[in-house]
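# Notes for the structure review
As a plain string of letters, each chain reads:
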Amino acid sequence: MTRTPVNVTVTGAAGQIGYALLFRIASGHLLGADVPVKLRLLEIPQGLKAAEGTAMELDDCAFPLLKGIDITDDPNVGFAGANVALLVGARPRTKGMERGDLLSANGGIFKPQGKAINDNAADDIKVLVVGNPANTNALIAQAAAPDVPAERFTAMTRLDHNRAISQLAAKTGAAVSDIKRLTIWGNHSATQYPDIFHAEIAGKNAAETVNDEAWLADTFIPTVAKRGAAIIEARGASSAASAANAAIDHVHTWVNGTAEGDWTSMGIPSDGSYGVPEGLISSFPVTTKDGRYEIVQGLDINEFSRARIDASVKELAEERDAVRGLGLI
Ligand code: NAD
Ligand code: LMR
């Protein structure tokens, strides 16, 4: 049976994450090895030529699953019929820019893109926001798309999730594949909280296995939370291949489901669970099945975790208030 291609729109397609992402989407890693895709590359006018170069390279791979590539700088065209949208392009913070300036500059990108998704995307659209500040950019886009169910707008904390698994594996000597049920809570920022109290290493509780609260508080959490800055320091550019890999993981898990007994972390609109104010786009532990996700309920949150979740959620509430003040939501 010939399957209808899935329309995947990538913004910021000519950027460094875009370059690491597009070839994996086209080769079947995003949705599955039997799912044909059509790519839409959305760029700003200055990025169109480089996007055309990337499209030439995509052609040159002769990917059997790639059924077409369109390139545009018009969001209404870029999101027309989109089933999956990866919002990667964003305005980076430059020298002398205040946080408010950054939020305002990104509002100028994510508000019109949210509206274009609202007006043009397919009914089953799923949106992942990668461009920073990812959680609040997702909130801006979602607020501009009142006809799309709010839960379709998600923000990426899967890179943080993967980073935390890798750090925990290095500390304990476990294989990454033995680590399950890790959670990133809150914002994709330095306030995020990687939680190992419910995580398991080869079936045993991770916090009990580590049994070292000083390592947890002084090494593990800051290493994971500040890893993005450490990569920028080392590479002279922000993480790209690992960010693209996490975007692939996020959408693949959302569409294809979490493994039995495991969960993942996604930035999603809060339903009020775990005391996170409703509507904030915050990272939670989620299971996924048949293209839908659910927050894992009933986890016991100890004092150590509560303080850290609250601190990150407070930052998210402040970002929401700032963009509200700017008239962006
Ligand atoms: P980059 O500067 O290499 O590329 C960004 C691209 O976006 C550029 O080609 C630019 O022309 C394009 N762009 C800008 N505005 C656009 C718009 N309105 N529409 C379409 N395209 C637009 O940046 P990058 O390294 O690819 O990173 C992209 C974003 O991802 C940054 O905001 C970065 O901070 C963020 N990021 C997030 C995570 C995460 O875990 N959530 C991790 C790494 C990077
Ligand atoms: C990351 O976590 O690697 C990025 O969000 C860092 C950044 O500021 O781009």
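The model shown is predicted, which means the values in this text are computed figures rather than measured ones.

## Remarks on the site of ligand 1
Taken together, 22 residues lie near ligand 1, and Gln16, Ile17, Glu43, Val130 and Asn132 sit nearest. The separation between a nitrogen atom of ligand 1 and a polar main-chain atom of Gly12 is 3.2 Å. The protein chains hide 82% of the 870 Å² of surface that ligand 1 would expose on its own. Breaking the shell around ligand 1 down by element, the ones donating at least two residues are α1 (16-26) and α4 (99-120). Of the residues belonging to the shell around ligand 1, the class tally is eleven nonpolar, ten polar and one charged. Inspection of the shell around ligand 1 shows a minimum of three residues originating in each of domain 1 (6-155) and domain 2 (157-321).

## Regarding the UniProt feature "domain: Lactate/malate dehydrogenase N-terminal" (unreviewed entry) in the chain
As annotated in UniProt, the feature "domain: Lactate/malate dehydrogenase N-terminal" (unreviewed entry) corresponds to residues 7-146 in the numbering used here. Here residues 7-146 runs as 43% helix and 19% strand, with 21 Å between its end C-alpha atoms.

## Here we look at the sheet that holds strand β7 (residues 179-180)
Across the sheet, which stays open at both edges, the three strands sit in the order β7-β10-β11 with antiparallel pairing between neighbours. Looking at strand neighbours, the two that pair on one side only are β7 and β11 (204-205), the edges of this open sheet. Bridge count between strand β10 (residues 200-201) and β11: two bridges; the pairing is antiparallel. Opposite Glu200, over in β11, you have Asn205 as the bridge partner.

## Re the site of ligand 2
Inspection of the region around ligand 2 gives Asn132, Arg163, His188, Gly228, Ile232, Ser238 and Ser239 as its neighbouring residues. Between ligand 2 and the protein, one listed contact pairs an oxygen atom with a side-chain N or O atom of Arg163 at 2.7 Å. In this structure, an oxygen atom belonging to ligand 2 sits 2.7 Å away from a side-chain N or O atom of His188. Relative to its free-state accessible area of 270 Å², ligand 2 is covered by the protein chains to the extent of 71%.

## A word on the UniProt feature "active site" (unreviewed entry) in the chain
Feature annotation in UniProt places "active site" (unreviewed entry) on His188, given in this structure's numbering. Mapped onto the elements of the fold, His188 is located in the loop between β8 (183-185) and β9 (193-195). Overall, His188 belongs to the partly exposed group, its relative accessible area being 22%. Residue contacts for His188: discarding those within four places in its chain leaves Asn132, Asn135, Met156, Thr157, Asp160 and Arg163.

## Some details on the packing of aromatic side chains
Aromatic ring pairs are described here by two measures, namely the spacing of the ring centres and the angle between the planes. Applying the stated rule across the entire model yields seven aromatic pairs. With a centroid separation of 5.5 Å and 70° between ring planes, the pair formed by Tyr19 and Phe23 is classed as edge-to-face. Taken as a pair, Tyr19 and Phe23 lie in helix α1 at a separation of four residues, close to a single helical turn. Residue class for Phe23 comes out buried when judged on its relative accessible area of 17%. Here Trp185 and Tyr274 contribute two aromatic rings whose centre-to-centre distance is 5.0 Å and whose plane-to-plane angle is 75°, an arrangement assigned as edge-to-face. Residue Trp185 is found in strand β8, and its partner Tyr274 is found in the loop between β12 (264-269) and β13 (281-289); the two are separated by 89 residues along the sequence. A relative accessible area of 0% places Trp185 in the buried class. Accessibility expressed as a relative area gives 12% for Tyr274, which makes it buried.

Criteria and cut-off values
Residues numbered from 1 in each chain as written. Chains lettered and ligands numbered in written order. Predicted model: local features only at pLDDT ≥ 70, side-chain atom pairs only at ≥ 80, totals over all residues. Heavy atoms only, no water. Near = heavy atom within 4 Å. Polar contact = N/O pair within 3.5 Å; in protein donor to acceptor, adjacent residues only side chain to side chain. Areas by Shrake-Rupley, 256 points an atom, 1.4 Å probe, with all protein chains shown as cover. Helix = DSSP H or I, 4+ residues; strand = E, 2+ residues; numbered from the N terminus. Nonpolar A, V, L, I, M, F, W, Y, C, P; charged D, E, K, R; others polar. Domains from an automatic or database assignment. UniProt positions renumbered as here; feature names shortened; annotations may be inferred. Pairing = 2+ DSSP bridges. Buried < 20%, exposed > 50% of the residue type's maximum accessible area, 1.4 Å probe, protein only. Contact = heavy atoms within 4.5 Å. Phe/Tyr/Trp six-rings, centres within 6.5 Å; stacked < 30°, edge-to-face > 60°.

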